[in-house]
Amino acid sequence: MIERTWWVGVAPVALLLAQAAEAQEMPQDTAAAVTQSDDTPTGGTGSDIVVMGFGKSRQVQTVSAIDMERLTPGTSPLKAVAKLPGVNFQSSDAFGAYEWSTRISLRGFNQNQLGFTLDGVPLGDMSYGNVNGLHVSRAIISENLATTTVAQGAGALGTASTSNLGGTLQFTSRKPSETADLVALGTYGSDQTYRAFVRAESGDMGGGLKGYLSYGFLTTDKWKGQGVQRQHQANAKLVKDFGERGSITGFVDFSDRRENDYQDLSLDIIRRRGLNNDNITGNYPLALEIGRVYANQQTRAGSATAALPYPSSGLSFPNGIATVDDVYYDAGGLRRDWLGGLTFDARLTSVLSITSTIYYHHNKGQGSWITPYLATPAGAPNSDGSPITNPAPLSFRTTEYGIDRAGNLTRLLVETGANRFELGGWYESNTFTQARRFYGMTAGSTPNRETLAFQSNPFATQYNGKYDTETLQYHVADTLDLGPLTLNGGWKGMRIRNRANLLTGALVAGKIQARDWFLPQVGALYRLGGGVEAFASYTENMRAFVSAATAGPFATTQDGFDAIRSTLKPETSKTVEGGVRVHSGGLQLSAVGYYVDFANRLLTFSNGAGIIGNPPTLNNAGNVESYGAEASASYRIVRPLTLFASYSYNKSTYQDDVRDAKGVLLSPTKGKTVVDTPEHMVKGEIVYDDGGVFARAGGDYMTKRYFTYLNDQSVGARLLVDASIGYRLRGLGGVLEGLAIEGSVTNLTDKRYIATIGSNGYVASGDNQTLLAGAPRQWFVTLRRGF
């Protein structure tokens, strides 16, 4: 199926492109319209900090590459959009790139309820252990991004996503330069951070052929504990430009990311051991001692008179350690990705154009955790296959991932006068494999296995499953421009088939699907004159089920799945929003109000500590009601100085209690606030750039967030401040022209706070080891050329 999918639409599009090359030349405005996304804001300038979606009937805002350049090199584009209203972004590292901790939500919708694309190619829901895509920090090097566009309420109809209930983030890569150039930078900073980036631009090689090849490298020590985060990336793009008749674009992206994890925390652990509590990597004897004590406790719990397997260790943990979950030895995440594709863009006539993209993504991943919950048995194989004679009271637990997905996106566009009609489709075939395995550890002075290496020779496989997902989506959209009034409307339909195939272990096998062939979207924009416009929109969306052993309807027992698969409904949302925008000189203003009816909300209840690996419980929580308001303003006081500020208010509450299939009350959630949803957020930024000196200071404030469904546990409000300053050297000439030096500081006030919540999921009530501490103040110095 993948092989057939790979070539869907290619031959006819290539033929049409060749025919278009023979056709007459078309007006320039037609070519520009074809390449412009429905979520591409207009009305701003290249030096604006944020372009606020002028000309759109929905809340849409964009940050550009020039804004990314003001952040510490290597920073995730998600952190760049954190300043926008309605955006809740969290990460426990300075770059916002540590995937286990990275979370983004919009208006109360969490990350796996949003849509993400790169140049139109779907990135799935970008969750950790992703089953249908990859994180943007792996899909592209941040210096190669041109824009990041956020639709806080609902994305465009043609967005290739089956999870965009509450908005989309669309990332657009930069085009190759018309002139040959070499762009490079180097960064050094806190915790032995080294970051390097280089991009070689070919320039126009003749006949409109141009491209670039780039490489990025990051290594940094963890800011607490012991371990590193390291990534190698390469991006290549080649474009054959036929002028007004179209283009062919090919791209290949590679990423190899390996990162040691930080210890997940609970409020109890923080009270006893502080925010700096972390894994005890580097102290293997202590990890062995904790494992022996835990094994003794488990033995004695089974029988008060049972002989202890490790008599010398007794039943008491070492001083300062109260539970087996206070500290683990080590954990890590490994991800290796290849993403490639071809885009054919053909202007067939003066009114008709077609754009088609084929893509393929291959992923190999591993989540590592040294666990005391299962001891290594004697004779278990070592990494070289030889039997272990000195087994440890620990084992090396992995969750192993594999993705092979391919798809095609095709869009036809007809423009006749005031009317713009679009018809499009998306097909994807995805095979995802997931396994839980255990590998043997020895009881020596140092561990026999490396956390950041792919493992071999397991002694046990808890489960091994294969999951096939087939996605079919189409959309019809029409826009009518009636002078000051613009009307748009249309609908999309989708069918997603999920199949679970058991290979090993007690996993679910079976099929389920989500289908809705009519999800409408309508909007209106009215230009009042003087740079003022009013807009309103209504959108319906559906989120498909995911196919995995650790998430979605397959993450339960066979009996549990059989009981729910005929009645389980996919999550849906209905969003109404309206607002006004003002653009006058250097001033941009935007204000919007919204209401969301979120139906069939599926709550995932965690069971035990994350390291145990118990499957979560999936429950339908009924409806969620969300309403709120957002305001943002950007003001260029004088050409070098710009101010930006945003405010968000959101009230998201569960409308029903959680009950089982028999109607028995499981959790009285009705009226409770949705987890990880701050009610108020205020962001602000000051930017100065006179061509020589450039500087930025930004603040980000949010109120408390709950991490239990019953709202009995929360983390407090916090204010974070980042700042940077730099200077561009002028008149140097040659390869030194464009040289700049920059210094930046993250968490300027050295705030001690809890960043991510929900790292190990959520429970109904009570404390939970699902928190991650935010990074302290860190500094970085960058030397760059060609930006």
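Anything mentioned here points back to the structure above.
Computed from a predicted model, the values in this text were never measured in an experiment.

A. Geometry of the pattern of salt bridges. Within this structure, the stated rule accounts for 40 salt bridges. The partner of R258 in a salt bridge is D256, with the nearest N and O atoms 3.0 Å apart. Using a relative accessible area of 12% as the deciding quantity, one classes D256 as buried. Connected via shared salt-bridge partners are D67, R70, K83, E685 and R696.

B. Layout of unusual backbone geometry. Phi is positive for N457, which is not a glycine, with a value near 65°. When you line up the elements, N457 lands in the loop between β17 (419–442) and β18 (460–482). Classification of N457 by relative accessible area gives partly exposed; the value is 32%. The phi dihedral of D676 is positive, around 55°, even though this residue is not glycine. Following the sequence through the fold, D676 ends up in the loop between β29 (665–667) and β30 (680–689). On the accessibility criterion, D676 (11% relative accessible area) is buried.

C. Structural context of the side chain of Q455. With respect to the secondary-structure elements, Q455 resides in the loop between β17 and β18. Q455 gets classed as buried once you look at its relative accessible area, which sits at 14%. A polar side-chain atom of Q455 sits 3.0 Å from the main-chain carbonyl oxygen of E450. Sequence-distant contacts of Q455, defined by excluding residues within four places in its chain, comprise Q366, F396, T398, Y439, R449 and E450.

D. Local environment of the sheet that holds strand β2 (residues 60–64). Ordered in space as β1-β2-β7-β8-β5-β6, the six strands form an open sheet in which the pairing is mixed. Pairing within the sheet leaves two strands with one partner each, and these edge strands are β1 (50–51) and β6 (121–122). In terms of strand pairing, β2 meets strand β7 (residues 145–151) through five bridges, oriented antiparallel. Note that in β7 the partner of V63 across the bridge is T148.

E. Structural view of the pairing of strand β4 (residues 103–106). Alternating positions in β4 separate into two faces, R103 and S105 on one and I104 and L106 on the other, with burial throughout. Of the strand pairs in this sheet, strand β3 (residues 87–90) and β4 are connected by four bridges, and their pairing is antiparallel. The residue bridging V87 from the neighbouring strand is L106, located in β4.

F. Structural detail: the packing of aromatic side chains. Tallied over the entire structure, the rule returns 22 aromatic pairs. The aromatic ring of Y594 is capped on one face by R107, whose charged end is 4.0 Å from the ring centroid. Taking the ring centre of Y128 as reference, the NZ or CZ of R335 above it sits at 4.7 Å.

G. Layout of a nonpolar patch on the surface. The grouping of Y188, Y194, Y688, V693, I725, Y727, I741, W779, V781 and L783 at the surface amounts to a nonpolar patch, some 900 Å² of accessible area in total. When contributions to the nonpolar patch are tallied by element, the ones reaching two or more residues are β34 (718–728) and β38 (778–785). Sorting elements by how many residues they give to the nonpolar patch places β38 first, with three residues. If you trace the backbone, Y188 turns up in strand β9 (residues 181–189).

H. Inspection of the nonpolar core at higher detail. By size, the foremost hydrophobic cluster in this structure holds 64 residues, and its most contacted members are I104, L123, L169, F171 and L771. Setting aside residues no more than four positions away along its own chain, I104 makes contact with L78, V81, V87, N88, F89, N110, Q111, L114, F116 and L169. With 24 residues, the next largest nonpolar core counts I496, A500, A549 and L602 among its residues.

Each value, and the rule that gives it
- Residues numbered from 1 in each chain as written.
- Predicted model: local features only at pLDDT ≥ 70, side-chain atom pairs only at ≥ 80, totals over all residues.
- Heavy atoms only, no water.
- Salt bridge = Lys/Arg side-chain N within 4 Å of Asp/Glu carboxyl O.
- Buried < 20%, exposed > 50% of the residue type's maximum accessible area, 1.4 Å probe, protein only.
- Helix = DSSP H or I, 4+ residues; strand = E, 2+ residues; numbered from the N terminus.
- Polar contact = N/O pair within 3.5 Å; in protein donor to acceptor, adjacent residues only side chain to side chain.
- Contact = heavy atoms within 4.5 Å.
- Pairing = 2+ DSSP bridges.
- Phe/Tyr/Trp six-rings, centres within 6.5 Å; stacked < 30°, edge-to-face > 60°.
- Lys NZ or Arg CZ within 6 Å of the ring centre and 35° of its normal.
- Patch = residues over 30% accessible without salt bridge, like charges linked within 9 Å, V, L, I, M, F, W, Y side chains within 5 Å.
- Areas by Shrake-Rupley, 256 points an atom, 1.4 Å probe, with all protein chains shown as cover.
- Core = buried A, V, L, I, M, F, W, Y, C linked by side-chain atoms within 4.5 Å.

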